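Commentary on secondary and tertiary structure
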Amino acid sequence: MISSAIIPQPLAKLPWRLIFLILGISLMGLLTLYSAAGGSMRPWALKQAVIFGVFLAVALGMSTIRESTIKTATFPIYGVVLVMLVAVEMLGFVGKGAQRWLDVGPIRLQPSEFMKPAIVLVLARFYDLLPPSATRTWRGLWPAAALLGVPFLLILVQPDMGTALMVMLIGLTVIFVAGAPMWIFLGGAAAVAAGMPLAYALMHDYQRKRVLIFLDPESDPLGSGYHITQSKIAIGSGGVFGKGYLQGSQSHLDYLPEGHTDFVYATMVEEWGLIGGIILILAFALVIRWGMRVSRRARSRFAQLAAAGLTATIFFYVGINLMMVMGLAPVVGVPLPLVSYGGSAVMTMMLCIGLLMAIERQQRSVSSLS
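Residues numbered from 1 in each chain as written. Predicted model: local features only at pLDDT ≥ 70, side-chain atom pairs only at ≥ 80, totals over all residues. Heavy atoms only, no water.

Side note on the overall build of the protein chain
For the protein chain, the count of helices and strands is 14 helices and 3 strands. A total of 370 residues make up the protein chain; the buried ones form 49% of that total. Here the analysis covers contacts within the protein chain between residues at least 6 apart in sequence; of these, 70% occur between residues at least 24 apart. (Helix = DSSP H or I, 4+ residues; strand = E, 2+ residues; numbered from the N terminus. Buried < 20%, exposed > 50% of the residue type's maximum accessible area, 1.4 Å probe, protein only. Contact = heavy atoms within 4.5 Å.)

Pasting the structure below:
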């Protein structure tokens, strides 16, 4: 926050350090997309810049929303997004073998992206309404499991394993922070381990290939393992200082598939090297650290849980993508927010940032009155 003696008070209340950090991450993404297009703003960088600008304005507007308003809107928002997920199954647009999008006039929406912040808010509100003593009982577990399980299954059958996995991890984070007993998580992990053979048998063929290639990417280096193999080559060839901006051979010669979306980090590291990759990771780490601090300083149970879940959303976005491009996790189609091309990840990231700024502003307002 900047002193109101320098700029008008409404602007002074904004967390400018965070905003500059977000602008820096987005700028790195735009530079990478410009390079991936061979030194051109089209077709990716210009559109990405417009999308980011729109959602940055949305996030700044959201920062003025009061916590009481967010609480009131939580269950209606969750209900609307759930209806949209059901509508996807009935009326959704099919593309690339999946049915994930809903056409609303000229706009094509992916409702599963809205579910990421929605599941955080609805679980935070549920535990806010629940007496703390009931958190560790079945009364505090089965409704939360239902609120989380229904959208998880609806997203899983689209099929969109990456988004379904993120929704599950985000929801479990809120439940864990709320104080659910540890045996629930240990028992769930054991059940998942025991059910893995059945889950593998129910997977689509392309999903099975992703798991097998993750375990042994060299088994099909020119087929299903091509993405991971080329990603590792791009990251490794960058060395410590990189090949230089606009000099990445893997992306410019089209060896690296999806170098502007899911594997954009490999494109960036090839040109900026280990140093550039670490700087980007540190920038995301500072954003996550800020979100954790907002959760820790929260004055209400709802704000604490919501901030923790929203921060976890950003963490899982970044963590899963980086593990994916480095071959440490199967390729599940999770982009790097603000860096990968695409409006969905930018939207979700900025919605989370906007809600976190609203919670932080509420904290400062309460502190100034006390």
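Still to come is the rest of the account.
Things to note about the UniProt feature "transmembrane region" (unreviewed entry) in the protein chain
On the UniProt side, "transmembrane region" (unreviewed entry) is annotated at positions that read residues 18-37, 44-63, 75-94, 140-157, 169-202, 272-290, 302-326 and 338-359 here. In residues 302-326, the share of helix is 96% and the share of strand is 0%. The end C-alpha atoms are 36 Å apart. (UniProt positions renumbered as here; feature names shortened; annotations may be inferred.)

Some remarks on the nonpolar core
With 97 residues, the main nonpolar core has Ile22, Met115, Ile119, Leu280 and Met350 as its most contacted residues. Considering every element that reaches this core, the biggest residue donor is helix α13 (residues 301-325), with 15 residues. With residues up to four places along the chain from it excluded, the contact list for methionine 115 reads Tyr78, Val81, Leu82, Leu85, Pro151, Ile155 and Val167. (Core = buried A, V, L, I, M, F, W, Y, C linked by side-chain atoms within 4.5 Å.)

Things to note about the packing of helix α5 (residues 111-129) against helix α7 (residues 161-178)
Think of two packed helices as two axes; the pair is described by the angle between the axes and how far apart they sit. In contact at an axis separation of 10 Å, α5 and α7 are set at 15 degrees when each is read in the N-to-C sense. Between α5 and α7, the interaxial angle falls into the category roughly parallel. For α5 against α7, the interelement crossing comes out right-handed. In this structure, α5 contributes Ser112, Glu113, Met115, Lys116, Ile119, Val120, Leu123, Ala124 and Tyr127 to the contact, and α7 contributes Thr163, Met166, Val167, Ile170, Gly171, Val174, Ile175 and Ala178. Tallied by class, the residues present in the contact of α5 with α7 amount to 12 nonpolar, 3 polar and 2 charged. (Axes fitted to C-alpha atoms, helices over the stretch in contact; angles between N-to-C directions. Parallel < 35°, antiparallel > 145°, perpendicular 65-115°, else oblique. Left-handed = near helix turned anticlockwise from the far one by under 90°. Nonpolar A, V, L, I, M, F, W, Y, C, P; charged D, E, K, R; others polar.)

Observations regarding the environment of threonine 74
Structurally, the position occupied by threonine 74 is in helix α4 (residues 67-91). In this structure the C-alpha to C-alpha distance between threonine 74 and isoleucine 119, which are 45 residues apart in sequence, comes to 9.2 Å. Setting aside residues up to four positions removed in sequence, threonine 74 forms contacts with Leu121, Val122, Arg125 and Phe302. A polar contact of 2.7 Å, which involves the side chain of threonine 74, links it to the backbone oxygen of isoleucine 70. (Polar contact = N/O pair within 3.5 Å; in protein donor to acceptor, adjacent residues only side chain to side chain.)

Observations concerning unusual backbone geometry
Looking along the chain, the bond that leaves arginine 42 and enters proline 43 is cis, with omega of 10 degrees. Secondary-structure assignment places proline 43 in the loop between α2 (16-36) and α3 (45-62). With a phi angle near 70 degrees, leucine 246 is a residue other than glycine that sits in the positive phi range. Looking at where leucine 246 falls in the secondary structure, it is placed in the loop between α10 (226-237) and α11 (249-252). Owing to a relative accessible area of 32%, leucine 246 belongs among the partly exposed residues under this scheme. In this structure, leucine 338 takes a positive phi of about 70 degrees despite not being glycine. With respect to the element layout, leucine 338 can be found in the loop between α13 and α14 (343-369).

What to know about the pattern of salt bridges
It is possible for side chains bearing opposite charge to pair when their charged atoms get close. Inspection of the entire model under this criterion finds 5 salt bridges. A salt bridge links lysine 116 to glutamate 113; the shortest N-O distance between them is 3.0 Å. Separated by 3 residues within a single helix, lysine 116 and glutamate 113 lie in helix α5, roughly one turn from each other. The two residues lysine 116 and glutamate 113 agree in class, both being buried. Its salt-bridge partner being lysine 243, residue glutamate 270 comes within 2.9 Å of it at the nearest N-O pair. Separated by 27 residues along the polypeptide, glutamate 270 in helix α12 (residues 264-296) and lysine 243 in the loop between α10 and α11 bring together distant segments of the chain. Among the residues examined, glutamate 270 registers a relative accessible area of 0% and is labelled buried. Look at the salt bridges and you will find they share partners, linking Glu67, Lys71, Arg125 and Asp128 into a network. (Salt bridge = Lys/Arg side-chain N within 4 Å of Asp/Glu carboxyl O.)

Concerning the packing of α4 against α5
With their axes 8 Å apart at the nearest point, α4 and α5 run at an angle of 140 degrees to one another. Judged by the inter-axis angle, α4 sits oblique to α5. Crossing geometry of α4 relative to α5 is assigned as left-handed. On α5, the residues touching Ile70, Lys71, Thr74, Phe75, Ile77, Tyr78, Val81, Leu82, Met84, Leu85 and Val88 of α4 are Pro111, Ser112, Phe114, Met115, Ala118, Ile119, Leu121, Val122, Arg125, Phe126, Asp128 and Leu129.

A closer look at the packing of aromatic side chains
For any two aromatic rings, the description comes down to two numbers: the centre-to-centre distance and the angle of the planes. Going through the model one piece at a time under the given rule, you end up with 6 aromatic pairs. A ring pair is formed by phenylalanine 176 and phenylalanine 185, whose centres lie 5.5 Å apart and whose planes are at 80 degrees; its orientation type is edge-to-face. Take phenylalanine 185: its relative accessible area is 19%, and that puts it in the buried class. (Phe/Tyr/Trp six-rings, centres within 6.5 Å; stacked < 30°, edge-to-face > 60°.)

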